[in-house]
Amino acid sequence: MGTGDYEYPKSKFEQQQQQPHKVAIPPPQPFIKSLKLTVKETLFPDDPLRQFKGQSQSRKFILGLQYIFPFFDWASSYNLSFFKSDIIAGITIASLAIPQGISYAKLANLPPILGLYSSFIPPLVYAMMGSSKDLAVGTVAVASLLTGSMLGAVVNANEEPKLYLQLAFTATFFAGVLQASLGILRLGFIVDFLSHATIIGFMGGAATVVCLQQLKGILGLEHFTHGTDLVSVLRSVFSQTHKWRWESAVLGICFLFYLLVARFVSTKRPKLFWISAMAPLTSVILGSVLVYLTHAEKHGVQVIGELKKGLNPITIMDLSFGSPYLSTAIKTGIVTGVIALAEGIAVGRSFAMFKNYNIDGNKEMIAFGMMNIAGSFTSCYLTTGPFSRSAVNFNAGCKTAVSNIVMAIAVMITLLFLTPLFHYTPLVVLSSIIISAMLGLINYEEAIHLWTLDKFDFVVCMSAYFGVVFGSVEIGLVIAVALSLLRVLLFVSRPRTSTLGLIPDSTIYRSMDQYQNAKSVPGILILQIEAPIYFANSSYLRERIVRWVDEEEDRLKSLKENDLQYVILALSAVGNIDTSGITMLGEVKKVMERRGLKLVLANPGGEVIKKMNKAKLIEVIGQEWIYLTVGEAVGACNFMLHTCKNAEKPTSGSESGKESRNDNNV
């Protein structure tokens, strides 16, 4: 007897493969446990308390001390080799910190000595509490500009210097409180709303404004506009052409050329980083000697003048919490604090990536906050981790935060013994130093990259830039943040949806926009929702699904193909859903029924199916129309389509067998 018609019994595995898998509903959890998990994932994604599990009380105390003060963590393994590297790096960044500190203090309309004060106490605090090995602490141009423009709008630094100083210290205090609070409350993700494109545009605009304002020093002008926008600055410059000092201009252009050449050499040959790092201090020394020998201060070249000798005076009693301008100080502290955080953490993470170690963003916020609070008590204004100084620290071969301690000691020696030497330092040299540093922040190459990568990010970047340049620093910041938030809202409220098709010679379903060879399944429309479903996007998704159905039916009519029968919603990318989303799915089910279509769900996630079960939506849609995969859903729909055809139009036995085999293949 032949065996051609004999059917071998199917294995248990093959029988299981023919049965669609049931979508599981997660077991219910107590509300308190669910809340704790949500809070933990939101505020403690890195699980900082994990290291304390199973430890003795004494060990927990040591670990807690090391967590708050990372200095005690790495100090035990510190060695002489590290110390040699850190001394070289510390002295190198001190040579940059001293002239930059003096320059940036002038930019904030503060006494130059405050720039040195701010490079003494804050680095010591950060060395104890910071988690970055490469960050070099100090003042920055953008925060200095913000401080000067925001406080200068209500108080004139020349007419009321004491009040202006008090407001600057108070703003620094509130900036520190904000930064430390964000770290303690684990709210660092708020800073992430300043996107990369926003920071590029804002920093570039602020750098442009800073460079324009240095024309006052380059041209030797005594009176200058308090505005920071391009029009005000150019008007102030060209309305005083008769007051331009050619001596000052020549000196400034020469030193600027020297600084730019030094930076170019260091860029081309990284091993010669010290040339660029030493260039600002060299410029200060050469400029001071030149002015002293030629008595250039008598010919229109302005000099710093006397700098007070001695360490930081205590200013805790100068914090003006009862001032009528307290609201301005708080606003200045919040704005500068957020900008300083964004820059400092971004710089720290960048260099940590190069050396393959991690920094804790929340620890960094606490460290920044505490060093600014301590700074406000000791005659310092806002500090963070500037890129230029940190890059020099990195290239100088620093091993730990001890380089900050070395820098602080070098600044301390300067404060105690060397401040009289800066008496003849020309302001034009400080302007040249600032311009040289700021040109590096105008990152036009990154702007071009944004244009090629993402046009909307480019628009955000340019909006921030032009807002700062033609409006003000505050306007540019508001525009940039508003556009970034708008994009977040657009992502949430207008999620992507796409139609899926079958990849030839496979059982894989993918987007037909991405895979041009993907084929649609006759009588079935497969839609993928690529975002969580919330109240903000539920109405849009309902309308978009209906529109997809309309477009598909119109397409089938134009091609004279079979009518649409099933709509499959692929929910694998829907991580969560709220009550509005559940209601929307119920409404879509009703709309499909009115149009004679069947709604099918594929691969709903745990949170989605759990809420559907609680809302009784599974009963409304039907458990038999919820599948684990798109392939199973398509197979079931095809089976129903062919079953209906067979019932309406009986075929011969051979044809039925052929269709049955085709069904099995599908």
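Keep in mind the model is a prediction, meaning the values are calculated, not measured. (Residues numbered from 1 in each chain as written. Predicted model: local features only at pLDDT ≥ 70, side-chain atom pairs only at ≥ 80, totals over all residues. Heavy atoms only, no water.)

### Here we look at the overall build of the protein chain
- Helix and strand counts for the protein chain stand at 28 helices and 6 strands.
- For the protein chain, the C-alpha radius of gyration of 33 Å lies well beyond 26 Å, the compact-globule estimate for 666 residues.
- Reported as C-alpha extents along the three principal axes, the dimensions of the protein chain are approximately 115 × 65 × 55 Å.
- Looking at the protein chain as a whole, 48% of its 666 residues qualify as buried.
- Put simply, of all contacts in the protein chain between residues at least 6 apart along the chain, 79% involve residues at least 24 apart.
- Summed over all atoms, the accessible surface of the protein chain reaches about 33500 Å², with 62% contributed by carbon and sulfur.
- Here the protein chain contributes 57 positively and 48 negatively charged side chains, and the mean placements of these two sets differ by 6 Å. (Helix = DSSP H or I, 4+ residues; strand = E, 2+ residues; numbered from the N terminus. Rg over C-alpha atoms; globule rule 2.2 N^0.38 Å. Buried < 20%, exposed > 50% of the residue type's maximum accessible area, 1.4 Å probe, protein only. Contact = heavy atoms within 4.5 Å. Areas by Shrake-Rupley, 256 points an atom, 1.4 Å probe, with all protein chains shown as cover. Lys, Arg positive; Asp, Glu negative; His and termini not counted. Charge placed at Lys NZ, Arg CZ, Asp CG, Glu CD.)

### Quick look at unusual backbone geometry
- Residue serine 379 is not a glycine yet carries a positive backbone phi of 65°.
- Structurally, serine 379 can be placed in the loop between helix 16 (361–377) and helix 17 (387–395).
- Judged by its relative accessible area of 3%, serine 379 is buried.
- The phi dihedral of asparagine 603 falls on the positive side, at around 55°, and the residue is not glycine.
- Looking at the secondary structure, you find asparagine 603 in the loop between strand 5 (598–602) and helix 25 (606–614).
- Classification of asparagine 603 by relative accessible area gives partly exposed; the value is 31%.

### Re the pairing of strand 1 (residues 497–502)
- Along strand 1, 5 of the 6 residues are buried, which leaves the element largely enclosed by surrounding structure.
- Two elements, strand 1 and strand 3 (residues 524–529), share 3 bridges in a ladder whose sense is antiparallel. Counted as the bridge partner of serine 498 is glutamine 528 from strand 3.
- Bridging between strand 1 and strand 2 (residues 509–511) involves 3 bridges; their strand directions are antiparallel. Its bridge partner being in strand 2, glycine 501 is matched across the sheet by arginine 510. (Pairing = 2+ DSSP bridges.)

### Remarks on a nonpolar patch on the surface
- A surface patch of nonpolar side chains, about 820 Å² in accessible area, is lined by Phe189, Ile190, Phe193, Leu485, Val488, Phe491, Val492, Tyr534 and Phe535.
- Its location among the elements puts valine 488 in helix 22 (residues 473–493). (Patch = residues over 30% accessible without salt bridge, like charges linked within 9 Å, V, L, I, M, F, W, Y side chains within 5 Å. Salt bridge = Lys/Arg side-chain N within 4 Å of Asp/Glu carboxyl O.)

### Details of the environment of alanine 296
- Along the polypeptide, alanine 296 turns up in the loop between helix 14 (273–294) and helix 15 (326–354).
- Separated by 81 residues in the primary sequence, alanine 296 and leucine 215 place their C-alpha atoms 19 Å from one another.
- Excluding anything up to four places from it in sequence, alanine 296 contacts Val291 and Val301.

### Details of the sheet that holds strand 1
- With mixed pairing, the 6 strands of this open sheet are ordered in space as 2-1-3-4-5-6. In this open sheet, the two strands that pair with only one neighbour each are strand 2 and strand 6 (626–627).
- The strands touched by helix 23 (residues 538–559) within the sheet are strand 1, strand 3 and strand 4 (566–570), with strand 3 carrying the most contacts at an inclination of about 150°.
- Against the sheet, helix 24 (residues 579–594) contacts strand 4 and strand 5, and its axis sits at roughly 140° relative to strand 5. (Axes fitted to C-alpha atoms, helices over the stretch in contact; angles between N-to-C directions.)

### Topic: the environment of isoleucine 626
- As for its position among the elements, isoleucine 626 is in strand 6.
- Taking the relative accessible area as the measure of exposure, isoleucine 626 reaches 3% and is therefore buried.
- On a C-alpha basis, the gap between isoleucine 626 and serine 558 in space is 31 Å, while along the polypeptide they are 68 residues apart.
- Among all residues touching isoleucine 626, those that are not within four sequence positions of it are Val23, Leu601, Pro604, Ile609, Met612, Ile618 and Ile621.

### Remarks on the environment of arginine 494
- Mapped onto the fold, arginine 494 is located in the loop between helix 22 and strand 1.
- Counting along the chain gives 377 residues from arginine 494 to tyrosine 117, while the straight-line C-alpha distance between them is 50 Å.
- With near-sequence residues (within four places) excluded, arginine 494 lies in contact with Leu489 and Tyr540.

### So, the UniProt feature "domain: STAS" (unreviewed entry) in the protein chain
- According to UniProt, the positions carrying the feature "domain: STAS" (unreviewed entry) are residues 514–637.
- Helix and strand shares over residues 514–637 are 48% and 15% respectively, and the end C-alpha atoms of the span are 24 Å apart. (UniProt positions renumbered as here; feature names shortened; annotations may be inferred.)

### Some thoughts on the pairing of strand 3
- In terms of burial, strand 3 is largely enclosed, as 6 of its 6 residues are buried.
- Neither face of strand 3 is open: one carries Ile524, Ile526 and Gln528, the other Leu525, Leu527 and Ile529, and all of them are buried.
- Sheet topology places strand 3 next to strand 4; 5 bridges connect them, and they run parallel. The partner of isoleucine 526 across the bridge, within strand 4, is isoleucine 568.

### Considering the nonpolar core
- Ile102, Leu146, Phe202, Ile339 and Met438 are the most contacted members of the largest nonpolar core, which totals 99 residues.
- Beyond its immediate stretch of four places on either side in the chain, leucine 146 contacts Phe202, Val335, Thr336, Ile339 and Val473.
- Leu564, Val567, Met584 and Ala636 belong to the second-largest nonpolar core, a separate cluster that totals 50 residues. (Core = buried A, V, L, I, M, F, W, Y, C linked by side-chain atoms within 4.5 Å.)

### So, helix 23
- Along its 22 residues, helix 23 runs 32 Å from first to last C-alpha, staying within 8% of the 32 Å computed at 1.5 Å per residue.
- All of the buried residues along helix 23 are Ser538, Leu541, Arg544, Ile545, Trp548, Val549, Glu552 and Leu556. The buried residues of helix 23 occupy an angular sector of 140° when the element is viewed end-on, so they sit on one face. Opposite the buried face of helix 23, by more than 90 degrees, sit the exposed residues Glu543, Lys557 and Ser558.
- Packed against the buried residues of helix 23 are strand 1, strand 3, strand 4 and helix 24.
- A positive backbone phi angle near 55° is found at lysine 560, which sits one or two residues after helix 23. (Expected span 1.5 Å × (residues − 1). Arc of directions from axis to C-beta.)

### Focus: the pattern of salt bridges
- Considering all chains together, one arrives at 11 salt bridges under this definition.
- Notably, a salt bridge pairs arginine 547 with glutamate 551, separated by 3.4 Å at the nearest N-O pair. One end of the pair, arginine 547, and the other, glutamate 551, are both in helix 23, 4 residues apart, so they sit about a helical turn from each other.
- Residue classification places arginine 547 among the partly exposed residues on the basis of a relative accessible area of 43%.
- Salt bridges sharing partners connect three or more residues here, namely Asp454, Asp457 and Arg487.

### What to know about the confidence of the model for the protein chain
- Of all residues in the protein chain, 93% have pLDDT values of 70 or greater, and the mean over the chain is 85.
- Counting interchain partners and residues more than four positions distant, the pLDDT-below-50 stretch residues 651–666 has 5 contacts. (pLDDT = per-residue confidence, 0-100.)

### Considering the side chain of lysine 589
- Relative to the helices and strands, lysine 589 is located in helix 24.
- Taking relative accessible area as the criterion, lysine 589 reaches 3% and is therefore assigned buried.

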